[in-house]
Amino acid sequence: MSVIADPIIDPKRALRAARIAEFKSFARRFMRNPLGMVGLVIVIALLVCAALAPILATHDPYLPALSDRLAAPGAEYWFGADELGRDIYSRIIYGSRLTLLIVGLVIVTSAPVGLVIGAIAGNYGGWVDRIFMRITDVFLAIPKLLLALAFVAALGPGIVNAALAITLTAWPPYARLARAEALIVRNSDYVNAIRLAGASDFHIIVYHIMPMCLSSVIVRMTFDMAGIILTAAGLGFIGLGAQPPLPEWGAMISTGRKFIFDQWWVATVPGFAIFIVSLGFNLLGDAMRDLLDPHLRQRR
Amino acid sequence: MSENLVEIENLRIAFPREGGMSDAVRGVSLSLGREKLGIVGESGSGKSLTGRALLGVLPSYAKISVDKMVFDGIDLTAASPKLRRSLRGGRMGMILQDPKFSLNPVMRVGLQIVEAIRIGDKKLPKREAFKQALAVLEAVHIRDPERVFSLYPHELSGGMGQRVMIAMMVVREPDLLIADEPTSALDVTVQTQVLSILDELVTRRGMGLIFISHDLRLVSRFCDRVIVMYAGQIVETLRADRLNEASHPYTRGLLACLPTIDGPLDPLPVLQRQASWLEARP
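Every value quoted in this text rests on a predicted model; they were computed, and no experiment measured them. (Residues numbered from 1 in each chain as written. Chains lettered and ligands numbered in written order. Predicted model: local features only at pLDDT ≥ 70, side-chain atom pairs only at ≥ 80, totals over all residues.)

**Section: the overall build of chain A**
(1) Moving on: Secondary structure assignment for chain A yields 12 helices and 0 strands.
(2) Moving on: Going from the N terminus to the C terminus, chain A shows its helices and strands as α-α-α-α-α-α-α-α-α-α-α-α.
(3) Moving on: The principal-axis extent of the C-alpha atoms belonging to chain A is close to 80 × 45 × 40 Å.
(4) Moving on: Within chain A, the proportion of its 300 residues that are buried is 41%. (Helix = DSSP H or I, 4+ residues; strand = E, 2+ residues; numbered from the N terminus. Buried ≥ 20, exposed ≤ 12 C-beta atoms within 10 Å, placed from the backbone.)

**Points about helix α4 (residues 88–124) of chain A**
(1) Moving on: With 37 residues, α4 of chain A extends 53 Å from end C-alpha to end C-alpha; this agrees with the ideal 54 Å at 1.5 Å per step.
(2) Moving on: Backbone geometry just downstream of α4 of chain A places G125 of chain A in the positive-phi region, at approximately 65 degrees. (Expected span 1.5 Å × (residues − 1).)

**Quick word on the packing of helix α5 (residues 126–141) of chain A against helix α7 (residues 159–186) of chain A**
Describing two packed helices takes the angle between their axes plus the distance from one axis to the other.
Residues and elements named next belong to chain A.
(1) Moving on: Packing of α5 against α7 brings their axes to within 9 Å, and their N-to-C directions diverge by 140 degrees. It follows from the interaxial angle that α5 and α7 lie oblique. In terms of crossing hand, the pair formed by α5 and α7 is left-handed. Contacts between α5 and α7 involve F132, M133, T136, F139 and L140 from the first element and T169, P172, A175, R176 and R179 from the second.
(2) Moving on: Taken together, the residues that form the contact of α5 with α7 break down as 6 nonpolar, 2 polar and 2 charged. (Axes fitted to C-alpha atoms, helices over the stretch in contact; angles between N-to-C directions. Parallel < 35°, antiparallel > 145°, perpendicular 65-115°, else oblique. Left-handed = near helix turned anticlockwise from the far one by under 90°. Contact = placed C-beta atoms within 7 Å. Nonpolar A, V, L, I, M, F, W, Y, C, P; charged D, E, K, R; others polar.)

**A word on the interface of chain B and chain A**
(1) Moving on: On the chain A side, the residues contacting the 30 residues of chain B number 23 residues.
(2) Moving on: Where the side of chain B that touches chain A is concerned, the elements lending two or more residues are α2 (81–87), β7 (92–95), α3 (99–102), α4 (109–120), α5 (126–139), α6 (145–149) and α7 (158–170) of chain B.
(3) Moving on: With 4 residues, the top contributor of residues to the side of chain B that touches chain A is α4 of chain B.
(4) Moving on: In terms of residue class, the side of chain B that touches chain A is made up of 15 nonpolar, 8 polar and 7 charged.

**What to know about the sheet that holds strand β11 (residues 233–239) of chain B**
Residue and element names in this part refer to chain B.
(1) Moving on: The strand order across the open sheet built from 6 strands is β7-β8-β9-β3-β10-β11, with neighbouring strands paired in mixed fashion. At either end of the open sheet lies a strand with only one pairing partner, and these are β7 and β11. This sheet shows a mean twist of 20 degrees between the axes of neighbouring strands, independent of strand direction.
(2) Moving on: Bridge analysis of strand β3 (residues 36–41) against strand β10 (residues 225–230) gives 5 bridges, and the strand direction is parallel. (Pairing = 2+ DSSP bridges.)

**Things to note about the confidence of the model for chain A**
(1) Moving on: Model confidence for chain A is summarised by a mean pLDDT of 84, while 93% of its residues fall at 70 or above.
(2) Moving on: Long-range and interchain partners of residues 1–7 of chain A, a stretch whose pLDDT sits below 50, account for 7 contacts in this model, where long-range means more than four residues apart. (pLDDT = per-residue confidence, 0-100.)

**Describing the packing of α4 of chain B against α7 of chain B**
Residues and elements named next belong to chain B.
(1) Moving on: Across the interface, α4 lies against α7 with an axial gap of 8 Å and an inter-helix angle of 20 degrees. In terms of orientation, α4 lies roughly parallel with respect to α7. Seen along the crossing, α4 lies across α7 with a hand that is right-handed. Two secondary-structure elements touch here, α4 through V109, Q112, I113 and A116 and α7 through V164, A167 and M168.
(2) Moving on: When the residues that make up the contact of α4 with α7 are grouped by side-chain class, the tally is 6 nonpolar, 1 polar and no charged.

**Remarks on unusual backbone geometry**
Residue and element names in this part refer to chain B.
(1) Moving on: Phi angles above zero are rare outside glycine, and E173 is one such case at about 50 degrees.
(2) Moving on: Checked against the element boundaries, E173 lands in the loop between α7 and β8 (176–180).
(3) Moving on: We note that E181 has phi near 45 degrees; this positive angle belongs to a residue other than glycine.
(4) Moving on: Residue classification places E181 among the partly exposed positions, given that 17 C-beta atoms sit within 10 Å.

Structure below.
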């Protein structure tokens, strides 16, 4: 019994090997999903753009060059220049940072909030459940963009406020989802078993119910990203999201709107950026769900 | 301190149903010392509910009324939920039926035992809790506890899972252990193994055991006393070795249904239920 001091050294290694093997098989199955790969490539490209923006950009995204106002796409300005002569390509590249910032802020705030509320509501049931779920119903009843608009109008325009407003509209689906999972889990025998061992409600929710809700919440998160990007762009377009001169894609479309017939590239290029990135997140989320959901896996 | 570990008098449990209440347990009284008490009865006779009522883990919509429910001198009817929670696990434990469902599928089994230990004693250092978990795994006759410690429940066989479950419940050495059909999900050879482990733990640590089962023969072999329940009532209390002297027609009917290896090859008699058994007993 010399091993007793370190009980899990060897199994740990075995487990790591098993995990690597599992990951490899996951990667193989993922590779066989062409659309998922497309999504993955788009998302990785977005991350690379955001990370290497200063290197990839050919111009300063903020520096106007009035002599090149509304220049057409060409060797100097790959995607043309906007109404102040700023390079649209560079602005798109820098804009990916803002997009990721908003998506990240919204995801890290809304998913945990929804998870906690849903797990609590599902675990306790009764009037706690009823109150929480009626609140989420109120939020769900109002169109997302409209609600976000109202919040931004109240909070004041700005990128952080936009993220906050989107968060306030994005958590209810998570709460619903987590509640549904919690309802299943809370009556399961192993939750009963730990309750029989004397665990408190808090302990049960945090260590036994939330982990079980996590998988569906994560899948839902990848789907939500596209929606968040669109909402953020929508807010930017109306002028309530990122403020000029920030190269936010929605705001860029908004300024390009005036020139749409003569200088189409000013509005079209950021529009394409939004379209491609949303598509990428959707394809990736779709592939993730197909691969991670055991029910779907068995059907094939 | 009374000599009896558990006293229950006139326990009634009812569940609301459309248009009234349906009674599940109707006036059960029992007492338990540091012994092995078997409760047998068919499905729905209120065996498990009685055990759960004692632990205080019935769903909130169940209506419970009891004249007296005492555990080791503590009046459970007056105890706060907090006190009852502190009793669970530390002073009384319950082993559930199917290890497939009663262990968290995404948690290593060793950590689940550690969790049970640390719920009881939050100040216990992690290393100490790990050591205790390994020791208790060894106590339930698991070879190579270090390996089993870091397995997930789906990697265990049914018998192993049930032993882990038992380990989780006995690790804090409760005074009362309720085993709710601990062996019915297991096959016969594993059954005896699990029972002998249970017997060893109960005898060595001097626990009171309530063994809920529907296997009459198993109970008569394993327990000191047997309570026979039917439709939420106790119809008979017997010494386990005198099960054959049962006087109530229900018990006799159950016994008659058991096949014997050298008995006649005629079809076994079918249990004939009588409406009079449902009537309230004095």
